[in-house]
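# Architecture and fold: a report
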Amino acid sequence: MQNIGVWPTYAFMSSIFFVAILVTVIGAREGSSVDNVKRQPLNFKAGIKQYWKPLQNWDFFWVFMTRFFMQMGLYTIVGYIYYFMVDVVSLPKCMSPERATGLLMLPLLVSGGVIGAVAGHWSDRWKRRKPFVITAGVLMAIGSGGFLTWVREFGPGVAVACVVGIGFGLYVTVDFALLLDVLPDKMSRGNDMAVWHQSIVLPQFLAVPIAGVVVDHLQAVGCKYALGYVVLFVITGVYFLLSGVFVSLVRKTR
């Protein structure tokens, strides 16, 4: 990014999103639902009530909470791993925290991609969703514990990133399948999925500020022992474990 520049980098990323959306719009064929929709006058109050209606279904609510806490943990790690590199980890000579952070993300993404490529097949074959999410939560909590207790040099961080990546791959592979298994109403899938997506939007602006308060205050108290990051990774592990607890409460799918 330093060589290319910020604007060209984001322009390139935006073009990828644009092409992906264009392919979907052009390539995805669906029948018209105009004749099947009963038109009603717009009512703001009724619309708000309808929007949150799927959360009244307990299975949908538990799936929502499962994803919410999984994303809280993930965004906390992704948002603060750079600062962890700066403040705590002893990096190899000439390796900048920026480069270390980028390199640490590679094993996470690769291991997640590899396990995700096969775990979806296993899930369909065994007709199971919840064991994958529970295992993912446990593995990612173990990864948080690894950052907490073991990672003080870059090498162990790579191994821990692989563990977190495997857990994330297991979760992502059944993420949408789990949702489709518990959708309350086939006639309101668009609305219900919009509500479900708040479980990934909300953590994006909750996880990092919460982490910031924890790190700033506790590092000032116990900087020598990296107290802020110790507590931060404990909280992250709890997030991941809670996702496994909540998915176990789902009754409509196994």
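Residues numbered from 1 in each chain as written. Predicted model: local features only at pLDDT ≥ 70, side-chain atom pairs only at ≥ 80, totals over all residues. Heavy atoms only, no water.

### Regarding the packing of helix H7 (residues 189–196) against helix H8 (residues 198–222)
Across the interface, H7 lies against H8 with an axial gap of 5 Å and an inter-helix angle of 25°. In this view, H7 runs roughly parallel relative to H8, as classed from their interaxial angle. Of H8, the residues touching H7 (which contributes Ala194, Val195 and Trp196) are Gln198, Ser199 and Ile200. A breakdown of the residues in the contact of H7 with H8 according to their chemical character gives four nonpolar, two polar and no charged. (Axes fitted to C-alpha atoms, helices over the stretch in contact; angles between N-to-C directions. Helix = DSSP H or I, 4+ residues; strand = E, 2+ residues; numbered from the N terminus. Parallel < 35°, antiparallel > 145°, perpendicular 65-115°, else oblique. Contact = heavy atoms within 4.5 Å. Nonpolar A, V, L, I, M, F, W, Y, C, P; charged D, E, K, R; others polar.)

### Examining the pattern of salt bridges
For the structure shown, the criterion picks out three salt bridges. One salt bridge in this structure joins Asp175 and Arg67, with 3.2 Å as the shortest N-O distance. Taken together, the residues Asp175 in helix H6 (residues 154–182) and Arg67 in helix H3 (residues 58–87) connect sequence positions 108 residues apart. We classify Asp175 as buried; its relative accessible area is 7%. For the salt bridge of Asp181 with Arg129, the shortest nitrogen-to-oxygen distance reads 2.9 Å. Within this pair, whereas Asp181 is found in helix H6, its partner Arg129 is found in the loop between helix H4 (97–126) and helix H5 (130–149), the two being separated by 52 residues in sequence. Here Arg129 falls in the buried class, since its relative accessible area comes to 13%. (Salt bridge = Lys/Arg side-chain N within 4 Å of Asp/Glu carboxyl O. Buried < 20%, exposed > 50% of the residue type's maximum accessible area, 1.4 Å probe, protein only.)

### Some details on the side chain of Arg67
Its relative accessible area of 4% is what places Arg67 among the buried residues. With residues near it in sequence (within four places) discarded, Arg67 still touches Tyr171, Asp175, Phe176, Trp196, His197, Ser199 and Ile200.

### Some details on the nonpolar core
Among the nonpolar cores identified, the biggest contains 58 residues, and Phe84, Phe147 and Tyr229 are the most heavily contacted of them. At the level of elements, H3, H4, H5, H6, H7, H8 and helix H9 (227–248) are the ones that each hand at least two residues to this core. By residue number, the principal contributor to this core is H3, which donates 15 residues. When residues no more than four places from it in sequence are discounted, the contact partners of Tyr229 are Tyr80, Tyr83, Phe84, Asp87, Val88, Val215 and Gln219. (Core = buried A, V, L, I, M, F, W, Y, C linked by side-chain atoms within 4.5 Å.)

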